[in-house]
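Examining the three-dimensional arrangement
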Amino acid sequence: MLNQAVTISIRALGGLLLILLAALTSCGGGSGGPNQPVAVPPSGGGGTVEPPPKGLLVALESPDEFKQKIAAGFNTASPERAAALGDGTGSSDGLDGGSDGGSGDDTGGGGDTGGETDGGDFGGDGVPMGDASGGTETVAFTTTYTLETNVDEYDVVKYNGSQLFIAPSRGMDCCVMFEDEVAFDGLDDGGSDDGGSDDGGAEGATTDSTDVAGDVQEMPVRGIRVLTTDAVNGLAQETHRIPLAEDQSVEGLYLVDRNLIALTSTAWWGRHGDQFGRPEGWLNQSVGLESFDLDEDFSARHSIRVEGALVNSRRTEAGIFLVTRHTPAIDGLIYYPASQEEVDQNQNLLEALEPEDFLPVIERDGEVVTPVTYDQCYAINPEDDAAPEARGNPILTLVLQIDPDSAEVIDAMCLLESIEGVYLTTTSLYFTSGLYEIGEAETLIHQFQLEDGLPYAGSTRLLGGLFLGGNRDYRLNENGRTLRTVLTRWTNDVDDRIDHTLYVLEPASDKPALSIVGQLPNDQRPDELGKPNEDLYGVRFMGDRGYLVTFERTDPLYVIDLTDASDPKVAGTLEIPGFSNFLHPVSESVLMGIGQIDSLAKIEFFNVADLTAPLSLGAMALDNTMDYSYSPAEWNRKSFTYWRRAEDQHRMAIPVEGYLKDSWQWVSRLYLFEINNPADPAALTLTTPGYLSVTEQDGLSLWGEQRSILHEDAVFWVIGQEVITSLWGNPRQAVRAE
């Protein structure tokens, strides 16, 4: 029997551990971009025009210079150089090893603006501080939780309000086949308040859902699953499968108008291998965009293939931006010469090649296109004070701006330097790259404008490491002409091994560069961000505020006042048990964190109406019937679903995994919550209809990417290739989609 939704209050409900929760019920992207300096003719009659000042990057002037730079990169490649650039472990590449289990992807954006219907508004959970409502009250369903408002991210799951699209897993390690529809009758609705049972009820399917054919049957067509949804009844059924080539992995999908676009790759490891900084790791790969017509039975429309491996991709109203890395495959080349004879052999081989031999092959609908010219390629300017000692790279980083409807290349540029991280806003493209030349980590940041020609805007070299990827992407944020970032240094001081620095950057007035206009700590404000040995966890910038969470034994939440870019300051702090890996803005006055407490996944709400006095509104462990639980949303924002359903009511879905204490059986759950009065910390309450739950005994693989879609009162939960559905008010009646 379904119990009613329960308002969470001070008393513990079932197995939910409530901490300080009484407060929940009783207590009170900017626009524009920097312009590259323009040389001004001297006044008076005559004289010569001074050339424009140069920055850390300069455009190449000829095909011969392009060839020389690439050849020099091959000649300087070495194991030591590869180690200096990073071998892939913890590199700041905005990559996370899975089918974009995240990335590139959050900031003043984030993820609930549902409704990519007909390619309409996309973007994530908005919440720009000038519009705390997010403008999503009339949207009936959720879409991908994104890093930046109005910058879409490819993902393994996409939804348009009537069809659910799921990219195939790389291994395609299915297939335990089920009967048409399996009801997980053992699921409880989480509403029981008898104090004696787990509020989520029994885990997974039991005796009433045993119509499972355990035999391994014929493998289905390898392709993209298409399920038609019934939001009224909370059901979904597979109606099509779009076949894919056997050598193609799908990194993720875009939905644009009536086109489904698959971002494919031949690299089975996706965007990140264990030889990230090594040139040979990028040989003989290709990346593609394949578009399918939703109105013509998913027929193929256009394709574009690029020689190289995927770094990242984003989509704005200007098109799809595709960033790839390419190492020319040259027969006979010795990538790490060990003698002068081998160096000379390489040199002779490289000199015999033509400049075009180093460019990646790009094909649109099978025809070769040449969108990249040599003057659209950039390299390090050795005369710049910030130039690293190791310059030139045989790895060519390519950026293509592609029309999603026609697959035509709108614009292109390339960079002959190491690129690891990518951050895109509606006005700017940023690249990050790690250095290790002075005995500790440094970071290069390069900015390009999203205008015709993708012009270079400037660079900076900062002390500390910036390790993007997953929810660490929040450590870099653009706000108007200002760029904010948090970098980390590792020291030899045993009493304080970790230091964090907040940098505030703006375009320089005299050259293409990003200048530090403010930072913390500084001489006037010397207090460190974090106590000794505390690492950095959750970070979120929103408008003129920044939130940082550091942790070793307790969880200090730092609220940063960024109103004056030249004088950032810690406005307030709060110490609480546990820590938050992921921070989400509920409203201007309420912040939510997802993280850990006592080896259990937790959520916590903060009253941040007063910058100088942040308060905890309460924390909840999810739940104490598990051991070593966690939420994938802690490091992958796309696993988290948030819907601003109405001004006074938001909904969210949070996946949690762990071991059941009584059986050590692995269990996956999707917790459902309603946040009432989200703008008022004093009136905010939290209610739950319970959770969906499956275990290994249900015959499903629980190890795939997790996503969830909220559509009116329907819940669609994706685990790998599986889809489990229910109605919001009755999660115990979850069923597996056919």
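Calculation criteria
- Residues numbered from 1 in each chain as written.
- Predicted model: local features only at pLDDT ≥ 70, side-chain atom pairs only at ≥ 80, totals over all residues.
- Heavy atoms only, no water.
- Pairing = 2+ DSSP bridges.
- Helix = DSSP H or I, 4+ residues; strand = E, 2+ residues; numbered from the N terminus.
- Axes fitted to C-alpha atoms, helices over the stretch in contact; angles between N-to-C directions.
- pLDDT = per-residue confidence, 0-100.
- Contact = heavy atoms within 4.5 Å.
- Polar contact = N/O pair within 3.5 Å; in protein donor to acceptor, adjacent residues only side chain to side chain.
- Phe/Tyr/Trp six-rings, centres within 6.5 Å; stacked < 30°, edge-to-face > 60°.
- Buried < 20%, exposed > 50% of the residue type's maximum accessible area, 1.4 Å probe, protein only.
- Lys NZ or Arg CZ within 6 Å of the ring centre and 35° of its normal.
- Disulfide = S-S within 2.5 Å.
- Salt bridge = Lys/Arg side-chain N within 4 Å of Asp/Glu carboxyl O.

Overview of the sheet that holds strand E24 (residues 456-463)
With respect to topology, four strands assemble into an open sheet ordered E21-E22-E23-E24, the strand pairing being antiparallel. One side of each edge strand has no neighbouring strand; the edge strands of this open sheet are strand E21 (421-424) and E24. Strand-to-strand twist in this sheet, taken as the mean axis angle between neighbours without regard to direction, amounts to 20°. Where E21 and strand E22 (residues 428-435) come together, four bridges link them in antiparallel fashion. In the sheet register, Leu424 faces E22, and the bridge partner there is Leu429.

Here's the deal with the confidence of the model for the protein chain
For the protein chain, per-residue confidence averages 79 on the pLDDT scale, and 75% of positions sit at 70 or higher. Low confidence marks residues 1-44, where pLDDT is under 50. Its contacts with residues over four positions away, or in another chain, come to 120 contacts. Overall, residues 78-123 carries pLDDT values under 50, and its contacts beyond four positions in sequence, including any with other chains, amount to 218 contacts.

Some points on the side chain of Thr485
Following the sequence through the fold, Thr485 ends up in strand E26 (residues 482-490). Among the polar contacts made by the side chain of Thr485, one reaches the main-chain carbonyl oxygen of Arg475 at a distance of 3.0 Å. Among residues more than four places away in sequence, those in contact with Thr485 are Ile445, Leu462, Leu466, Arg475, Leu476, Thr501, Leu502, Tyr503 and Phe541.

A few points about the environment of Tyr423
Position of Tyr423 relative to the elements: it lies in strand E21. Linking Tyr423 and Leu476, residues 53 residues apart in sequence, is a C-alpha distance of 7.7 Å. From its side chain, Tyr423 meets the backbone nitrogen of Glu478 in a polar contact 3.0 Å long.

A short note on the sheet that holds strand E9 (residues 235-243)
What the four strands build is an open sheet, ordered E4-E5-E8-E9; its pairing is antiparallel. Both outer strands of the open sheet, strand E4 (157-159) and E9, are each paired with one neighbouring strand and no more. Between one strand and the next, the sheet's axes are offset by a mean angle of 20°, whatever the strand orientation. Here strand E8 (residues 223-230) runs beside E9; their pairing, made up of eight bridges, is antiparallel. Bridge pairing links Gly223 to Pro243 in E9.

Let's talk about the packing of aromatic side chains
Centre-to-centre distance and the angle between the planes together describe a pair of aromatic rings. Going through the model one piece at a time under the given rule, you end up with 23 aromatic pairs. Look at Phe640 and Tyr642: their rings are 5.9 Å apart centre to centre, the planes differ by 35°, and that puts the pair in the tilted class. Assigned by exposure class, Phe640 and Tyr642 land together as buried. Connected via pairs of aromatic rings, a cluster forms that spans Tyr628, Tyr630, Trp635, Tyr659, Trp664 and Trp666. A cation over an aromatic ring shows up here: Lys638 above the ring of Tyr154, its NZ or CZ 5.4 Å from the ring centre. It is Arg651 that lies over the ring of Trp728; its NZ or CZ is 4.4 Å from the centre.

As for the pairing of E24
Two faces belong to every sheet, and in a regular strand the side chains alternate between them. Counting buried positions along E24 gives six out of eight residues, so the element sits mostly inside the fold. Direction of pairing for strand E23 (residues 442-449) relative to E24: antiparallel, over a ladder of seven bridges. Paired with Ile445 across the bridge in E24 is Thr460. Taken together, E23 and the strand that follows it, E24, pair antiparallel across an intervening segment of six residues, in which Gly453 is found at a positive phi of about 85°.

So, the state of the cysteines
Summed over the entire model, instances satisfying the criterion amount to one disulfide. Note that Cys377 is cross-linked by a disulfide to Cys414, the S-S spacing being 1.8 Å. Since a negative S-S torsion denotes a left-handed disulfide, the Cys377-Cys414 link at about 125° is right-handed. Of this pair, Cys377 sits in strand E18 (residues 377-380) while Cys414 sits in strand E20 (residues 409-415), and the two are 37 residues apart along the sequence.

A few points about the pairing of strand E33 (residues 579-585)
The element E33 is extensively covered by neighbouring structure, given that seven of its seven residues are classed as buried. When E33 meets strand E34 (residues 590-597), the two strands line up antiparallel, connected through six bridges. Bridge assignment links His584 to a residue of E34, and that residue is Met592. Counted between consecutive antiparallel strands, the loop separating E33 from E34 contains four residues.

Focus: the pattern of salt bridges
On inspection of all chains with the given rule, the structure shows 26 salt bridges. A salt bridge links Arg637 to Glu153, with the shortest nitrogen-to-oxygen separation between them at 3.0 Å. In this pair, Arg637 is assigned in the loop between strand E37 (626-630) and strand E38 (641-646) and Glu153 in the loop between helix H3 (79-85) and E4, connecting sequence segments 484 residues apart. Accessibility expressed as a relative area gives 1% for Glu153, which makes it buried. Residue Arg736 pairs with Glu722 through a salt bridge whose shortest N-O separation is 2.7 Å. Taken together, the residues Arg736 in strand E45 (residues 730-736) and Glu722 in strand E44 (residues 722-727) connect sequence positions 14 residues apart. The exposure class assigned to Glu722 is buried, which follows from its relative accessible area of 13%. Taken together, the salt bridges that share partners define one network made up of Glu153, Arg314, Asp473, Arg637 and Lys638.

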